Amino acid sequence: MNKKDIAQIRRQFKIDNDLLKISDIFNVYIMKESSDIYHHESQPFEMLDREQQELFMNNFKKLLGGQLDEKLFELKFQRDAENNSQLILHQGLLSSETEDWKEHMLKIVAKMLATRQYEKDIVITFIRGEYLKPMKRRNEESEESDRDSVYSHPFILCSLNNTQEPKKELLFDYVEKEFKYNFVVDPIINLNAPLAGFLFPCFTDNAADVNHVLYAAGKVNEPDLLFIEEVLNGEETMTAQDDKIVFEEIIKDATGDQLNTSTLHNVYEEINRMMEENEEEEQPKLDSKDIERVLKMSGVEEINQEKVDTAFQKVIDDDKYEIKASSVLPKYNSKSIKIDTKIAKISISPQDLRYVKQVHLSGKRYLMIEVEDDTVIEGFRMIPEAFGGNS
């Protein structure tokens, strides 16, 4: 799934939407002390109160929010895993009977409980439904509706949520004219910050992809590897942050850590060009040959394939590894690059990096920024000085 696919299905989670039909919701309450199922119940989603439906819809939207490879991860299922979750979920997806579907979801719950002792009581929510995607865009001039021809995407979505202790409050009784201590014993289910979850199957090019599952982490760049590997039986994944670190270490090793700002600007510019050329297709990935080409085109001298291959081997120990271009490129049109010095922190965009240089003068290092207009500091316009002159 790409970010456009995820955004489209995420937008569907709203009440009274004829493109999203949720048939059943299944809630499972887990006790923290014993990691046992305390209670579970299933019912048609349409039987919930409207207010409850809205709470869950917002929860599902939050679950599917965030960037790919940062909070959302498309995982390929492991081959030949025991008690394979791919098979369990696929069988659940095809189940015509609610009891049969619940049985398969409880198998997933059992795998969750076998891998972790939760610090709080948690609620695991499963829904199954159908996402309808029009084949054609709506044409205002035509009598034909965009609902006449649709792609049908059956799916299962799971959301894990913490519980919170209810607040102890002091109330004032207007009738009896007295202060009262109020304490509710029922725990509150926190649907505003899902711990984790997943969507099965993934959807690619308007077709279901049962060989992949979309995993959602609770926090950015903090996927639960135990959940991924033991519960979902997904293959090991790298976050965008991991990819960026690998890329930086490979570049440092291959170039001898001798990059200037102009060259770094050229590297980012070349990667951005690659992404723009592939905007409508799958986002490009960088292997060792791509990185060697990018460095050469960016003006790095004495670079060759052997140096890049050696760097790959040192850093990732896998000469077949591919780095997602989107993971290593800072947001190109925003001030996403942070320059930290002992006396100042500066933010600039990748495309403006060419205006920044580190220079040596009289045995000292200076950060020089080329500017078109006068510099204004705290409302004061600075007077230009001779370079290296005394203030």
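Since this is a predicted model, take the numbers as computed values, not measurements.

Conventions adopted
Residues numbered from 1 in each chain as written. Predicted model: local features only at pLDDT ≥ 70, side-chain atom pairs only at ≥ 80, totals over all residues. Heavy atoms only, no water. Helix = DSSP H or I, 4+ residues; strand = E, 2+ residues; numbered from the N terminus. Rg over C-alpha atoms; globule rule 2.2 N^0.38 Å. Buried < 20%, exposed > 50% of the residue type's maximum accessible area, 1.4 Å probe, protein only. Contact = heavy atoms within 4.5 Å. Areas by Shrake-Rupley, 256 points an atom, 1.4 Å probe, with all protein chains shown as cover. Axes fitted to C-alpha atoms, helices over the stretch in contact; angles between N-to-C directions. Parallel < 35°, antiparallel > 145°, perpendicular 65-115°, else oblique. Left-handed = near helix turned anticlockwise from the far one by under 90°. Nonpolar A, V, L, I, M, F, W, Y, C, P; charged D, E, K, R; others polar. Salt bridge = Lys/Arg side-chain N within 4 Å of Asp/Glu carboxyl O. Core = buried A, V, L, I, M, F, W, Y, C linked by side-chain atoms within 4.5 Å. 1 Å grid on protein atoms, 1.4 Å probe; cavity = no way out; pocket = protein on both sides within 12 Å on 5 of 7 lines; lining within 4 Å. Points joined across faces, edges and corners; volume = space filled by probe spheres on them. Pairing = 2+ DSSP bridges. Domains from an automatic or database assignment. Buried area = accessible area lost by both parts, 1.4 Å probe. Polar contact = N/O pair within 3.5 Å; in protein donor to acceptor, adjacent residues only side chain to side chain. Phe/Tyr/Trp six-rings, centres within 6.5 Å; stacked < 30°, edge-to-face > 60°.

1. Topic: the overall build of the protein chain
The number of helices and strands found in the protein chain is 10 helices and 20 strands. The C-alpha atoms of the protein chain give 27 Å as radius of gyration, which overshoots the globular expectation for 391 residues (21 Å, by more than 25%). Going through the 391 residues of the protein chain one by one, you find that 39% of them count as buried. Relative to all contacts within the protein chain whose residues are 6 or more apart in sequence, the contacts with residues 24 or more apart total 64%. Carbon and sulfur atoms form 46% of the exposed surface of the protein chain, whose accessible area is close to 24300 Å².

2. Some remarks on the packing of helix α7 (residues 261-277) against helix α8 (residues 288-297)
Relative to each other, α7 and α8 sit at 125°, their axes nearing to 8 Å. Here α7 is positioned oblique relative to α8, judged by the angle of their axes. Considering only the axes of α7 and α8, their crossing is right-handed. Touching V267, E270, I271, R273 and M274 of α7 are R293, V294, L295 and M297, all from α8. In terms of residue class, the contact of α7 with α8 is built from six nonpolar, no polar and three charged.

3. A word on the pattern of salt bridges
Going through the model one piece at a time under the given rule, you end up with 15 salt bridges. The closest approach of N and O atoms between R128 and D24, which form a salt bridge, is 3.0 Å. Of the two residues, R128 sits in strand β4 (residues 122-134) while D24 sits in strand β1 (residues 20-30), which places them 104 residues apart along the sequence. Exposure class is identical for R128 and D24. Each is buried. Between D224 and R116 there is a salt bridge, with its nearest N and O atoms 2.7 Å apart. Remark: R116 occurs in the loop between α4 (98-115) and β4 and D224 occurs in the loop between β12 (212-217) and α5 (225-231); sequence separation between them is 108 residues.

4. Overview of the nonpolar core
In terms of nonpolar packing, the biggest core is built from 31 residues, with M112, I124, F126, F198 and Y215 touching the most fellow members. Take this core: its biggest share by element is six residues, from α4. Ignoring any residue separated from it by four or fewer positions in sequence, one finds M112 in contact with Y118, I124, F126, C158, L160, F198, F227 and V231.

5. Notes on empty space enclosed by the protein
Summed over the entire model, instances satisfying the criterion amount to one cavity of 30 Å³ or more. Approximately 80 Å³ is the volume attributed to the largest cavity. Lining the largest cavity are M1, D5, Q8, I9, Y131, K133, H153, F203, T204, D205 and N206. Among the secondary structure elements, those contributing two or more residues to the lining of the largest cavity are α1 (3-11), β4 and β10 (202-204). A breakdown of the residues in the lining of the largest cavity according to their chemical character gives four nonpolar, four polar and three charged.

6. A closer look at the pairing of strand β9 (residues 196-200)
The buried fraction of β9 is high, at five of five residues. Burial along β9 is two-sided: the face carrying A196, F198 and F200 and the face carrying G197 and L199 are both buried. In this structure, strand β5 (residues 150-164) lies alongside β9, joined through five bridges in antiparallel fashion. Directly across from C158, in β9, lies its bridge partner F198. Taken together, the four bridges between β9 and β12 define a ladder with antiparallel strand orientation. Directly across from G197, in β12, lies its bridge partner A216.

7. Some details on the domain arrangement of the protein chain
Split by domain assignment, the protein chain resolves into domain 1 (3-136 + 146-237), domain 2 (241-328) and domain 3 (337-381). Taken over C-alpha atoms, the centre of domain 2 sits 26 Å from the centre of domain 3. With five residues of domain 2 at the contact, the number on the domain 3 side is seven residues. The contact between domain 2 and domain 3 buries some 510 Å² in all, and 68% of this surface belongs to carbon and sulfur atoms. Looking at the side of domain 2 facing domain 3, the largest losses of area belong to T261, H265 and Y268, adding up to 82% of the total buried there. Across the contact surface, domain 2 and domain 3 share zero salt bridges. Inspection of the domain 2/domain 3 interface yields two residue pairs in polar contact (both at pLDDT 80 or more).

8. Remarks on the packing of aromatic side chains
Applying the stated rule across the entire model yields 12 aromatic pairs. An angle of 80° between the planes, with centres 6.2 Å apart, marks the rings of F13 and F155 as edge-to-face. Of this pair, F13 sits in the loop between α1 and β1 while F155 sits in strand β5, and the two are 142 residues apart along the sequence. Side by side, F13 and F155 carry an identical accessibility label, which is buried. One aromatic cluster is present, formed by F13, F56, F60 and F155 through successive ring pairs.

9. Thoughts on the environment of S298
Examined against the element boundaries, S298 turns out to sit in the loop between α8 and α9 (305-315). Classification of S298 as buried rests on a relative accessible area of 3%. Setting aside residues no more than four positions away along its own chain, S298 makes contact with T263, N266 and V267.

10. Section: the packing of helix α6 (residues 240-255) against α9
Packed helices, taken two at a time, are described by their axes: the angle between them and the distance between them. Relative orientation of the contacting elements α6 and α9 amounts to 135°, with a least axis distance of 8 Å. By the criterion of interaxial angle, the relationship of α6 to α9 is oblique. Judged by the sense of rotation from one axis to the other, the crossing of α6 with α9 is right-handed. On the side of α6, the interface is formed by V246, E249, I250, D253 and A254, while α9 contributes K307, V308, A311, F312, K314 and V315. Looking at side-chain class alone, the contact of α6 with α9 contains seven nonpolar, no polar and four charged residues.

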